[in-house]
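Listed here are the chains, written in short residue letters.
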Amino acid sequence: MKLLTEFRTLKLKHPFTTSRKAPRVLTDSLYVYLEHEGYTGIGEIRPQEYYYNETFKVSGQVLKSALNIIGDDPFLIEDITSELKEKYYYAPATVAGIDIALHDLAAKILGVPLYKYLGVNPERIPLSSITVGLDEIHVMIRKLKELEGFPIIKLKAGLENDMEIIKTVRENTKAKIRVDANTGWEVNEAVDMINEMEKYDIEFIEQPIAKGNYEGLKKIKDNVNIPVITDEDSVDSKDIPNLVGCVDGINIKLMKCGGIREALKMVKAARTFGLQVMAGMMLESSVGTAAGANIAALTDYADLDANILISNDPFTGISNNFGKITLSELPGLGLKAI
Ligand code: MG
């Protein structure tokens, strides 16, 4: 297979802020194109320094040295991605980009949409939340007005005035509310906050505390009624046994776990242990969103809104109508370059 790459700067419609990062208006993606016998599979790489210090520079180095593993048979996806994931464990987004391109390519060669290739039912993709980033309260209220009609709002928390924000948001929307603390709270603080939040009818809390504190997670779970779901703590399938009994569910993201194959393993592992599953994503365009949506057909919750937060998405083919995601009927991911 021939591998080509393309770097793109993506513009966000609104500045994006979480408790871990300063506001951003731009984000970058590296697109991977795998060519084979006249077909081209597309993947997207959005590295996260948070997990393994993965950067675009690392992606470039990995892509160069991964060519011999990628080989010339796009149907050997399990062999290729297992070897890549083992060798380049520190570059999961890069491995995910290759994995997504391989899936797109294989399904295109077979002439079927990726969801058919995976054997999943696209009608089961849960309604997606849409994220309202941290901001001044009056700005958040204005954003909520703009998002009227979206059935699920995801709030980024982890600030001093979290409770004031959540109260105000509850007063200004009838939507379901999910709260993502992005590791922003201490254990006891999280217990108090989550219990206080109960009156605001919160669907679940995402990653309340710093990663790696399983006892802390268990203490929270045992002392609150709102479900707790990990994100930073559920990187890939090997994390799942540690979380059993400590949380209610896990958030899967292709860019942290290494792609569709690993995400499928995570879904199976989570279900084996009775955990709920959410399909989330980093700030990716339609390529990452479409790949994540194929996995979302196997999950309970979707948080796949990034493509609609971007104003210059280079691809089209997946729609989000007030949280209802519809996949393309074209082969593979079904995306077209704009
Ligand atoms: Mg999160």
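Right above here is the structure, for reference.
Everything numeric here is computed off the predicted structure, so don't read it as measured data.

## What to know about the pattern of salt bridges
No. 1: Counted by the stated rule, this structure contains 21 salt bridges.
No. 2: In this structure, the salt-bridge partner of Asp-104 is Lys-108, at a minimum N-O distance of 2.8 Å. Note that Asp-104 and Lys-108 are positioned in helix 5 (residues 92-110) at a spacing of four residues, about one turn of the helix.
No. 3: Given a relative accessible area of 1%, Asp-104 falls into the buried group.
No. 4: Exposure remark for Lys-108: the relative accessible area of 18% places this residue in the buried category.
No. 5: Of the charged contacts, one joins Lys-256 and Asp-231 as a salt bridge, the two residues approaching to 2.6 Å between their closest N and O atoms. Taken together, the residues span a long stretch of sequence, with Lys-256 in helix 12 (residues 254-257) and Asp-231 in the loop between strand 8 (228-230) and helix 11 (240-243) at a distance of 25 residues.
No. 6: Residue Asp-231 is classed as buried on the basis of its relative accessible area, which comes to 1%.

## Re the environment of Val-228
No. 1: Among the structural elements, Val-228 can be located in strand 8.
No. 2: Owing to a relative accessible area of 0%, Val-228 belongs among the buried residues under this scheme.
No. 3: Sequence separation of Val-228 and Tyr-39 is 189 residues, and the distance between their C-alpha atoms is 43 Å.
No. 4: Contact partners of Val-228, with chain neighbours within four places excluded, come to Ile-205, Pro-208, Ile-220, Val-247, Asp-248 and Gly-249.

## With respect to the coordination of the magnesium ion
No. 1: Coordination of the magnesium ion by the protein comes from Asp-180 (OD), Glu-206 (OE) and Asp-231 (OD), over a distance range of 2.1 to 2.2 Å.
No. 2: Linear spacing of the donor residues for the magnesium ion on their chain is D-x25-E-x24-D. Taken together, the residues Asp-180 in strand 6 (residues 176-180) and Asp-231 in the loop between strand 8 and helix 11 connect sequence positions 51 residues apart.

## Considering the pairing of strand 9 (residues 249-253)
No. 1: With five of its five residues buried, strand 9 lies for the most part within the structure.
No. 2: A two-sided burial pattern is seen for strand 9, the buried positions comprising Gly-249, Asn-251 and Lys-253 on one face and Ile-250 and Ile-252 on the other.
No. 3: Pairing of strand 8 with strand 9, which is carried by two bridges, proceeds in the parallel orientation. Paired with Thr-230 across the bridge in strand 9 is Ile-250.
No. 4: Relative to strand 10 (residues 276-280), strand 9 runs parallel, the two sharing five bridges. Bridging across to strand 10, Ile-252 finds its partner in Ala-279.

Cut-offs applied
- Residues numbered from 1 in each chain as written.
- Predicted model: local features only at pLDDT ≥ 70, side-chain atom pairs only at ≥ 80, totals over all residues.
- Heavy atoms only, no water.
- Salt bridge = Lys/Arg side-chain N within 4 Å of Asp/Glu carboxyl O.
- Helix = DSSP H or I, 4+ residues; strand = E, 2+ residues; numbered from the N terminus.
- Buried < 20%, exposed > 50% of the residue type's maximum accessible area, 1.4 Å probe, protein only.
- Contact = heavy atoms within 4.5 Å.
- Donors = N, O, S within 2.8 Å, 3.2 Å for Na, K, Ca; no water.
- Pairing = 2+ DSSP bridges.

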